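Chain by chain, the residues:
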Amino acid sequence: MAGRFAPRPTRTTVRGGELAVPAGVPRQVTAPARVRRWVPAEGPLDLGLVLGPLRRGPGDPTFRAGRDGSVWRATRTPAGPGTLRVHASGGEVRGEAWGPGAEWLLEGLPELLGAADEPDAFVPRHRVVALARHRRPGLRLTRTGLVLESLIPSVLEQKVTADEAYRAWRRLVRGFGEPAPGPAGAGERPMWVMPAPRTWALIPSWEWHRAGVDDKRASTILRAVRVAARLEQAVGMPAAEARARLQVVPGIGPWTSAEVVQRSHGAADEVTTGDLHLPGIVGWALAGDRHADDAEMLRLLEPYAGQRHRAARLILLSGNTPARRAPKMPRVDIGLL
C-alpha cells in the first residue's frame, strides 16, 4: 500500500475554539465563490445551534466557526467536494460555495438551515423544556441530505470517549482526505474534505490502529463504504425506513442509525437509544430520575411523540443535568499499543 496516498501531515492535533479564516490567499488561485441569498421564514435563526451537530469536536477539519459569526463547512456531495460559508445578517442568509459541489450545496442551503423543519409544531409539556425553548428560539433541525458524512464519525464514536472519536476523525480526514475547495483549503490550518468511499476502503489496517480505531469499528466503516451508494439513497426514504436500511450493515445499530438520520433527514422524532448518558439526563430533567434507562426515557418522552428528538435537544440545551458521581470513562489510545 506504500505510495498510494500523499504523506500525512506531521501535526496531528490543533487547538480548539474559533479558527480564523485563512488570510493572504492569492486571489488568482481561488475561483470566485458562487453565492446564494436566502431569507428564512419568520423567527430567529441561530447558525451555531442549527449547524452545531455537524461539528465533531474542537479542531474538526471539516467545520469552522468564524469570528464574524459565520460557519464554514467542507463536505463531499454527490457532485464532488465542496466548501460552504454561511453568514446571517439583517434577517438574510448569505451562502458562498466553492468547488464541484458548490451548486449542490447552495441548492440545499434552506434545508440545511432548517427550512423543512416545523418548530412551531412543538408544544412543550414540561417547564424545563418550555424554558429551554424560550431561551433558544433560533433552534432548527438541520437536514444535510448526506448519509456517509454523518455515518462514519458516528461509527467512530461507538463505545469510546468523545475525545478518542474526535481524534480519530481528525487524523483520518487529514491523512486521507483532500484540501477543501476555495480559500478555506489554504493557509496554515486548512480545512479538509473527508475521503471518498473508495479511499476509506483502501486505508491500511495500521493507519486505523494509529488513529485509535479498533477492528470492530474499522470493519463496520469498511462494510458501509462498500455499499455507500445504497446508503446515500436512504435520504429519499422516510426516517424509519432509512434507519432500517442502515441497520442492514453489520455493526450499525439503533444508536448509530438515529445519530445519522437526525442529521441527514432532520428527523424530529428519531430519539437516540443505547446512549450512555442521554436516558439519565432526560430522566433527571423530566422526573428527577438519574438512573432512567431507555424504556423509561421513551416513556417520559411520549407526550412529545413526533418531536422527541427536538425535546431531547432542548433538554440537553437546558443544562439541567445530574451531577457526576462516577469517574469519567477511561481513555485508552490503542494507537500507542
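Conventions adopted
- Residues numbered from 1 in each chain as written.
- Predicted model: local features only at pLDDT ≥ 70, side-chain atom pairs only at ≥ 80, totals over all residues.
- Heavy atoms only, no water.
- 1 Å grid on protein atoms, 1.4 Å probe; cavity = no way out; pocket = protein on both sides within 12 Å on 5 of 7 lines; lining within 4 Å.
- Points joined across faces, edges and corners; volume = space filled by probe spheres on them.
- Helix = DSSP H or I, 4+ residues; strand = E, 2+ residues; numbered from the N terminus.
- Nonpolar A, V, L, I, M, F, W, Y, C, P; charged D, E, K, R; others polar.
- Buried < 20%, exposed > 50% of the residue type's maximum accessible area, 1.4 Å probe, protein only.
- Polar contact = N/O pair within 3.5 Å; in protein donor to acceptor, adjacent residues only side chain to side chain.
- Contact = heavy atoms within 4.5 Å.
- Salt bridge = Lys/Arg side-chain N within 4 Å of Asp/Glu carboxyl O.

**Q** How would you summarise empty space enclosed by the protein if you had to cite specific residues and measurements?
**A** Taken as a whole, this structure holds 3 cavities of 30 Å³ or more when the rule is applied. Lining of the largest cavity is provided by 14 residues; of these, Leu-54, Thr-62, Ala-74, Glu-149 and Trp-169 occupy positions nearest its centre. Taken together, the elements giving at least two residues each to the lining of the largest cavity come down to strand S3 (71–77) and helix H5 (148–156). Residue classes in the lining of the largest cavity are distributed as 6 nonpolar, 3 polar and 5 charged.

**Q** Account for the side chain of Arg-167, with residues named and values stated.
**A** With respect to the secondary-structure elements, Arg-167 resides in helix H6 (residues 162–176). What makes Arg-167 buried here is its relative accessible area of 17%. From its side chain, Arg-167 meets the backbone oxygen of Ala-211 in a polar contact 3.1 Å long.

**Q** Before we move on, can you summarise helix H15 (residues 308–318) with the specific residues and values?
**A** Residue pairs spaced three or four apart in an α-helix point in one direction, given the helix's 3.6 residues per turn. Residues His-309, Arg-310, Ala-311, Ala-312, Arg-313, Leu-314 and Ile-315 constitute the buried set of H15. Backbone geometry just after H15 places Gly-319 at a positive phi near 75°.

**Q** Please set out the side chain of Ser-150 residue by residue, giving values where relevant.
**A** Within the fold, Ser-150 resides in helix H5. Relative accessible area serves as the criterion here: at 2%, Ser-150 is assigned to the buried category. Ignoring sequence-local partners within four residues, the contact set of Ser-150 consists of Arg-56, Val-260 and Arg-263.

**Q** Tell me about the pattern of salt bridges, residues and numbers included.
**A** This structure, assessed with the given rule, holds 16 salt bridges. Across the pair Glu-92 and Arg-37 runs a salt bridge, and its minimum N-O distance is 3.7 Å. On the criterion of sequence distance, the pair formed by Glu-92 in strand S5 (residues 92–98) and Arg-37 in strand S1 (residues 34–38) is long-range, its members being 55 residues apart. Judged by relative accessible area, Arg-37 falls into the exposed class, the value being 52%. With a closest N to O distance of 2.7 Å, Glu-178 and Arg-76 form a salt bridge. Residue Glu-178 is found in strand S6 (residues 178–179), and its partner Arg-76 is found in strand S3; the two are separated by 102 residues along the sequence.

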